[in-house]
Number of protein chains: 2
Amino acid sequence: MLRTHNCGELRLDQVGSQVTLSGWVQRVRDKGGLIWVDLRDRYGLTQLIFEEGSTDPKLLEKAADLGREFVLQAKGEVIERTSKNPNLPTGEIEIKVTELEVLNPAKLPPFLIEDETDGGEELRMKYRYLDLRRNVIREKLQLRHRMMQETRKYMDSADFIEVETPVLIKSTPEGARDFIVPSRVNQGEFYALPQSPQTFKQLLMVSGFDRYFQIVKCFRDEDLRADRQPEFTQIDCEMSFVDQEDILETFEGLTKHLFRTVRGIELEEVKRMSYANAMKWYGNDKPDLRFGMRFQELNDLMQGKGFGIFDQAEKILGICAVGAGTYTRKQLDALTDWVKRPQIGAKGLVYIKYNEDGTLKSTVGKFYSEDDLKQVAKRFDAQPGDLILILSGDTNPVRKQMSELRLKMGDELGLRDKNVFKPLWVVDFPLLEWDEETGRYHAMHHPFTSPKKEDIPLLDSNPGEVRANAYDLVINGVEIGGGSIRIHDKKTQSTMFKHLGFTSEEANEQFGFLMEAFEYGAPPHGGIAFGFDRLCAIFGGSDSIRDYIAFPKNNSGRDVMIDSPSAIGQEQLDELSIQLKNKK
Amino acid sequence: MLRTHNCGELRLDQVGSQVTLSGWVQRVRDKGGLIWVDLRDRYGLTQLIFEEGSTDPKLLEKAADLGREFVLQAKGEVIERTSKNPNLPTGEIEIKVTELEVLNPAKLPPFLIEDETDGGEELRMKYRYLDLRRNVIREKLQLRHRMMQETRKYMDSADFIEVETPVLIKSTPEGARDFIVPSRVNQGEFYALPQSPQTFKQLLMVSGFDRYFQIVKCFRDEDLRADRQPEFTQIDCEMSFVDQEDILETFEGLTKHLFRTVRGIELEEVKRMSYANAMKWYGNDKPDLRFGMRFQELNDLMQGKGFGIFDQAEKILGICAVGAGTYTRKQLDALTDWVKRPQIGAKGLVYIKYNEDGTLKSTVGKFYSEDDLKQVAKRFDAQPGDLILILSGDTNPVRKQMSELRLKMGDELGLRDKNVFKPLWVVDFPLLEWDEETGRYHAMHHPFTSPKKEDIPLLDSNPGEVRANAYDLVINGVEIGGGSIRIHDKKTQSTMFKHLGFTSEEANEQFGFLMEAFEYGAPPHGGIAFGFDRLCAIFGGSDSIRDYIAFPKNNSGRDVMIDSPSAIGQEQLDELSIQLKNKK
């Protein structure tokens, strides 16, 4: 090793030792005749000192010439600092350097290698290898590393077998767009990159692997939104001979294990909520439970009082923002403007302010008596100083709008602490989802998700009401993952295909291969997949997954650092027997 | 869970317990009125019993109808067997079944689900999900799982950070052929799949990650030979501020850790051998050290005695096969034929038999006196009963031929035990390799491999003699992995490019991006990559990597199970703005 110690480990105990350190120059302070150099590596920062008189003049000169980010090897004695730095683990010592070798000089980096940098997003992405030198970024990837190791430890100890499924697979017409890979050996044919290992993990259950997991790259050629990546990582799992409860318990265990080992947090039991209640109470299938503000339906209290908008509304929903009664007129106007933005789409916002003196004040006061308003306040158990916010309209849109407003109020009132974690299982998802465009039902999860046994009779009479053995894990309003118990018997599967509008020819064409495998003795099975990038971001208290990916792509799917994708040579295309289409 | 116990865990202790098991029918034996069913899962096999008189007749009937590979749930009492099976961990008990549910029937599998199957390779690959049910196959993938977990444990404990590098990267003209992925968003442009994360891991060193590892899929669009896969898995690593010794120690540590934890074998110290000696002694840069038979050069002893073939040969090489002096004339003729096959290409084979009576007998006896032959025998320290085999010719081809012959003799004499492991570091590889076709030197490893400091002056005078800081790990004659200390300074890199015949424009075009990164403070660094599929095969005592891959592709790069690659729709091609080239 070109060092005896790293830059983070020396303490007073080592005073008097001869050591060799290697690392990068974080900072040079030259006081004329006295030079300090902060030497940095992944493990920490150690101060080097060069002093006129006791340091060889040539060495002093060499030190004076050092620039930021030069790579050094420094030998010397550990000495006690006269002026200690309590904020630095190595702050009690410094190295009196006797030998110095510049292992590599460095050009001035295009932005500051500091926690707070002057580099914009684009510049930092172009020089991602320099951005990764910043502690704040490196720590995110170290967290990711920890998450991976602990996930595997847990899964291994629970008898799951990690199996690598293939990356070069086959394109399927269902779902999102595949990335495809032309085959040279089989000209005119293509591989596809997997959107998930779904088929393979179900096959592994058919194979009797019993418990499978994998931390695996998946690929989707989607039009990218912020915080979507064309390649992303999943914790992918499947289990045999289980019912839903077994899967929830196992992955609740994983979640707790990760919080305990990675964040030092003991989670309480993970709450469960039906999809129906999540929609009713939070207008959202991934409610943020770090705060209350549960919706109340107010139709019974607020209709028939002469306020036409409410009278005509399918649903009147309210939330109570505790302590927001002090909002000024200006703040309330801003809220109203906010809900009226096209992204939210509300027509207006009604509020009831519960004044500190016990009186109630509302924008629609002329339609409602003080007593009417008291009844509303009572429904929320509101107290003086609270603010009730009310929206109305058709059920689905008003739920959506109110959900957004609730989250905004949570933000404004500081109720969404990044260091508080409230995981939740949302269960009993609908099996089918009506698609306006095609005028038929689609599988909400996928066509192999099993319906709840007791709901099967509804398939004919009221398909939209059939609940599935499907579940999502939500943490702080973010969907971390989801899964389902699969259909494993032919009869139920045929019924499902029928209700999804597949002819048996179509079903066979699209899923025939898996269906055939199922005929050779498929066990009852189910599984789940967690979005690993997002899970890491949540653990790190960040909204952005990009920070948790070493070399991310931008919103156009480009890696600006290596400049990819890029044009390739004609010879390569010829070998693959493909050509670019002439632009029309 | 649809079981209280798995099929491998019940013992005499549990006799009297009510249990529920789930699994697959391995075998039904119906003695009329007495039916035994072997129920199998990943964990083992348990015998179910149904007996006329004590078993409900309907249940008995149900049991009689069971077929191979049916999926069952069986409830009943654990009872002691009258006739125990000592070969089965559960062989002392059986289950007297009181309830039986067929969870799924099964079609008759196309081959036997047994350790010894009647299914050929092709059939087993088409129904790989059934092949994976066989214990012998599943155990191989469980070994692979164990290898992965233990590799990560070791690397994590040695402070390596696991970083996932991107799969959608950029095509580079160097090296093997890339698989490419057309971009839809950036039409006319392509991603490429990584042949290895080489660039990224070096960038991570520039980023100060200090120690990186990853178990990662890599891709090469090669014409497939037996035992090559278009996608394969690597243990990929890189370290900063190290010299070669540090890397060898770290990965010798990994190798020992894996043997200890996965195979229960304590390895001795891993031997080291220079490339030059490996070639001289074994004619091969990956010698199998499970047995001796080191080459001896015999030019001094056997030239000038009138045997023209030897007199004209550049090199006369011999090996001594201990105990093979009993080979019959027929066996020796067969050996001679074998070395004369075009795959080996020798012109003939000379032998000296050391008879039990102390006399020596040779095919070239008329040119050499008994004393001449004794001298040769002495060089090998040969004993009565041994056989000396001699080949001659130009150095490189005769080394290659003798290497093949040595391995064959090792096989014939049973010296290549699959349960004996002799790892070896081959070090000091040549930096450059002469390429006859282009008439210039190529980098043997890659253009960033550093030359040994003391050999740099030879770059001008005798480039072929320059040794690199490059090393391979070899186990039992199989190359497991290799790596090098990289060049990290601009001056050495320029010298290298010059000697590889790159103009600075060419160097810039092909490697400019990494070269630029190196200017921002690259630490001295080096790394290694292990072929994980092959490592698993070696650990499992197998020659074939395919058995250690859950869903392998065949020699044409096809997955015959999912039938991939395959044609895709015109619409998909249109979206990507590519088209198939018309066949000419």
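Remember, predicted model here, so these are calculated numbers, not experimental data. (Residues numbered from 1 in each chain as written. Chains lettered and ligands numbered in written order. Predicted model: local features only at pLDDT ≥ 70, side-chain atom pairs only at ≥ 80, totals over all residues. Heavy atoms only, no water.)

Enquirer: Lay out the environment of Pro182 of chain B with the relevant residues and their values.
Expert: Note that Pro182 of chain B resides in strand 7 (residues 180–182). As a C-alpha pair, Pro182 of chain B and Leu576 of chain B span 394 residues in sequence and 6.5 Å in three-dimensional space. When sequence neighbours within four positions are dropped, the list of residues in contact with Pro182 of chain B reads Phe179, Ile180 and Pro182 of chain A together with Glu189, Phe190, Leu576 and Ile578 of chain B. (Helix = DSSP H or I, 4+ residues; strand = E, 2+ residues; numbered from the N terminus. Contact = heavy atoms within 4.5 Å.)

Enquirer: Which residues make up the sheet that holds strand 4 (residues 71–80) of chain A, and what values do they have?
Expert: Residue and element names in this part refer to chain A. In space, the 5 strands of this closed barrel follow the order 1-2-3-5-4, with mixed pairing throughout. Across the sheet, the mean angle separating the axes of adjacent strands is 55 degrees when strand polarity is ignored. Along the sheet, helix 1 (residues 57–64) makes contact with strand 1 (18–30), strand 2 (34–41), strand 3 (44–51) and strand 5 (93–104), crossing strand 5 at roughly 70 degrees. (Pairing = 2+ DSSP bridges. Axes fitted to C-alpha atoms, helices over the stretch in contact; angles between N-to-C directions.)

Enquirer: Run through the UniProt feature "binding site: ATP" (unreviewed entry) in chain A, naming residues and quoting values.
Expert: Within the UniProt annotation, "binding site: ATP" (unreviewed entry) is assigned to Arg220, Asp221, Glu222, Gln229, Glu479, Gly531, Phe532, Asp533 and Arg534 of chain A. Looking at the secondary structure, you find Glu222 of chain A in the loop between strand 9 (211–219) and strand 10 (231–240). You can see Phe532 of chain A is positioned in helix 16 (residues 532–540). Ignoring any residue separated from it by four or fewer positions in sequence, one finds Phe532 of chain A in contact with Arg144, Met147, Met148, Thr151, Thr233, Gln234 and Ile235 of chain A together with Glu164 of chain B. (UniProt positions renumbered as here; feature names shortened; annotations may be inferred.)

Enquirer: So what about the domain arrangement of chain A? Which residues, and what values?
Expert: Each assigned domain of chain A is listed with its residue range as follows: domain 1 (12–104), domain 2 (138–273 + 422–571) and domain 3 (291–412). Look at where the C-alpha atoms of domain 1 of chain A and domain 2 of chain A centre, and you get two points 51 Å apart. (Domains from an automatic or database assignment.)

Enquirer: So what's going on with the relation of the copies chain A and chain B? Which residues, and what values?
Expert: The transformation that overlays chain A on chain B combines an axial shift of 0.0 Å with a rotation of 180 degrees, and the residual RMSD is 0.1 Å. Each copy turns onto its partner about a two-fold axis. Residue by residue, 100% of the interface of chain A is reproduced at the interface of chain B, so both copies engage with the same surface. (Least-squares fit on C-alpha atoms with pLDDT ≥ 70 in both.)

Enquirer: Lay out the interface of chain A and chain B with the relevant residues and their values.
Expert: Residue-level contacts link 125 residues of chain A with 125 residues of chain B. Summed over both sides, the interface between chain A and chain B buries roughly 11400 Å², with carbon and sulfur atoms accounting for 57% of that surface. Here chain A is connected to chain B by 18 salt bridges. A salt bridge links Glu575 of chain B to Arg177 of chain A; its shortest N-O distance comes to 2.9 Å. The interface formed by chain A and chain B contains 81 residue pairs in polar contact (both at pLDDT 80 or more). The leading source of residues in the side of chain A that touches chain B is helix 4 (residues 135–157) of chain A, at 10 residues. Considering only residue class, the side of chain A that touches chain B consists of 62 nonpolar, 25 polar and 38 charged. Pairing geometry for strand 23 (residues 578–580) of chain A and strand 23 (residues 578–580) of chain B, over 3 bridges, is antiparallel. Each bridged residue has a counterpart across the sheet, and for Gln579 of chain A the counterpart in strand 23 of chain B is Gln579 of chain B. (Buried area = accessible area lost by both parts, 1.4 Å probe. Salt bridge = Lys/Arg side-chain N within 4 Å of Asp/Glu carboxyl O. Polar contact = N/O pair within 3.5 Å; in protein donor to acceptor, adjacent residues only side chain to side chain. Nonpolar A, V, L, I, M, F, W, Y, C, P; charged D, E, K, R; others polar.)

Enquirer: Now, about the packing of helix 4 of chain A against helix 16 of chain A: what can you tell me, with residues and values included?
Expert: Residue and element names in this part refer to chain A. Helix 16 packs onto helix 4 with a crossing angle of 115 degrees between their chain directions and a minimal axis gap of 10 Å. For the element pair helix 4 and helix 16, the recorded crossing hand is right-handed. Seen from helix 4, the contacting residues are Leu143, Arg144, Met147, Met148 and Thr151; seen from helix 16, they are Phe532, Asp533, Leu535, Cys536, Phe539 and Gly540. When grouped by side-chain class, the residues that make up the contact of helix 4 with helix 16 number 7 nonpolar, 2 polar and 2 charged. (Left-handed = near helix turned anticlockwise from the far one by under 90°.)

Enquirer: Quick rundown of the nonpolar core? Include the residues and the values.
Expert: Core analysis: the biggest nonpolar cluster contains 53 residues, and Leu204 of chain A together with Tyr129 and Phe551 of chain B have the highest contact counts within it. Ranked by the residues each element gives to this core, the list is headed by helix 15 (residues 504–518) of chain A, at 6 residues. Setting aside residues no more than four positions away along its own chain, Tyr129 of chain B makes contact with Leu203, Val206, Ser207, Phe513, Glu516, Ala517 and Tyr520 of chain A together with Met561 of chain B. Membership of the second largest hydrophobic core comes to 52 residues, among which are Leu132 of chain A together with Leu203, Tyr275 and Phe518 of chain B. (Core = buried A, V, L, I, M, F, W, Y, C linked by side-chain atoms within 4.5 Å. Buried < 20%, exposed > 50% of the residue type's maximum accessible area, 1.4 Å probe, protein only.)

Enquirer: Describe the pattern of salt bridges, and please don't skip the residues or the numbers.
Expert: In total, this model carries 96 salt bridges over all chains according to the counting rule given. A salt bridge links Glu252 of chain A to Arg272 of chain A; the nearest nitrogen and oxygen atoms lie 3.8 Å apart. Here Glu252 of chain A, found in helix 6 (residues 244–263), pairs with Arg272 of chain A, found in strand 11 (residues 271–274); they are 20 residues apart in sequence, far enough to count as distant. A salt bridge links Arg40 of chain B to Glu69 of chain B; the nearest nitrogen and oxygen atoms lie 2.9 Å apart. Highlighted residues: Arg40 of chain B in strand 2 (residues 34–41) and Glu69 of chain B in the loop between helix 1 (57–64) and strand 4 (71–80), separated in sequence by 29 residues. Residue class for Glu69 of chain B comes out buried when judged on its relative accessible area of 1%. Sharing partners across several salt bridges, the network here consists of Glu121, Arg124, Arg128, Asp131, Arg134 and Arg546 of chain A.

Enquirer: Which residues make up the pairing of strand 14 (residues 350–354) of chain B, and what are the values?
Expert: All names here are of chain B. Along strand 14, 5 of the 5 residues are buried, which leaves the element largely enclosed by surrounding structure. Here strand 14 shows a buried face lined by Val350, Ile352 and Tyr354 and a second buried face lined by Tyr351 and Lys353. Looking at chain direction, strand 14 and strand 16 (residues 387–393) are connected through 4 bridges and run antiparallel. Note that in strand 16 the partner of Lys353 across the bridge is Leu387. Pairing between strand 14 and strand 15 (residues 360–362): 3 bridges, direction antiparallel. Considered in strand 15, the bridge of Tyr354 is made with Leu360. Between strand 14 and strand 15, which pair antiparallel in sequence order, lie 5 residues; one of them, Gly358, sits at a positive phi of approximately 90 degrees.

Enquirer: Give a detailed account of helix 5 (residues 198–206) of chain A, specifying residues and quantitative values.
Expert: With 8 of 9 residues buried, helix 5 of chain A is to be regarded as a mostly interior element. Within helix 5 of chain A, burial applies to Gln198, Phe200, Lys201, Gln202, Leu203, Leu204, Met205 and Val206 of chain A. Elements that come into contact with the buried residues of helix 5 of chain A comprise strand 9, strand 10, helix 15 and strand 22 (525–531) of chain A together with strand 1 (18–30) and helix 3 (128–131) of chain B. At the exit of helix 5 of chain A stands Gly208 of chain A, carrying a positive phi of roughly 80 degrees.

Enquirer: I'd love a proper account of the packing of aromatic side chains, names of residues and values included.
Expert: All names here are of chain B. Going through the model one piece at a time under the given rule, you end up with 43 aromatic pairs over all chains. Centre to centre, the rings of Phe307 and Phe310 are 4.7 Å apart; their planes meet at 70 degrees, and the pair counts as edge-to-face. Per residue, the accessibility class of Phe307 equals that of Phe310, and both read buried. For the pair Trp434 and Tyr441, a centre-to-centre distance of 4.9 Å together with 75 degrees between the ring planes defines the contact as edge-to-face. The exposure class of Trp434 is partly exposed, given its relative accessible area of 45%. Among the aromatic side chains, those forming a connected cluster through ring pairs are Phe448, Phe497, Phe502, Phe511 and Phe518. (Phe/Tyr/Trp six-rings, centres within 6.5 Å; stacked < 30°, edge-to-face > 60°.)

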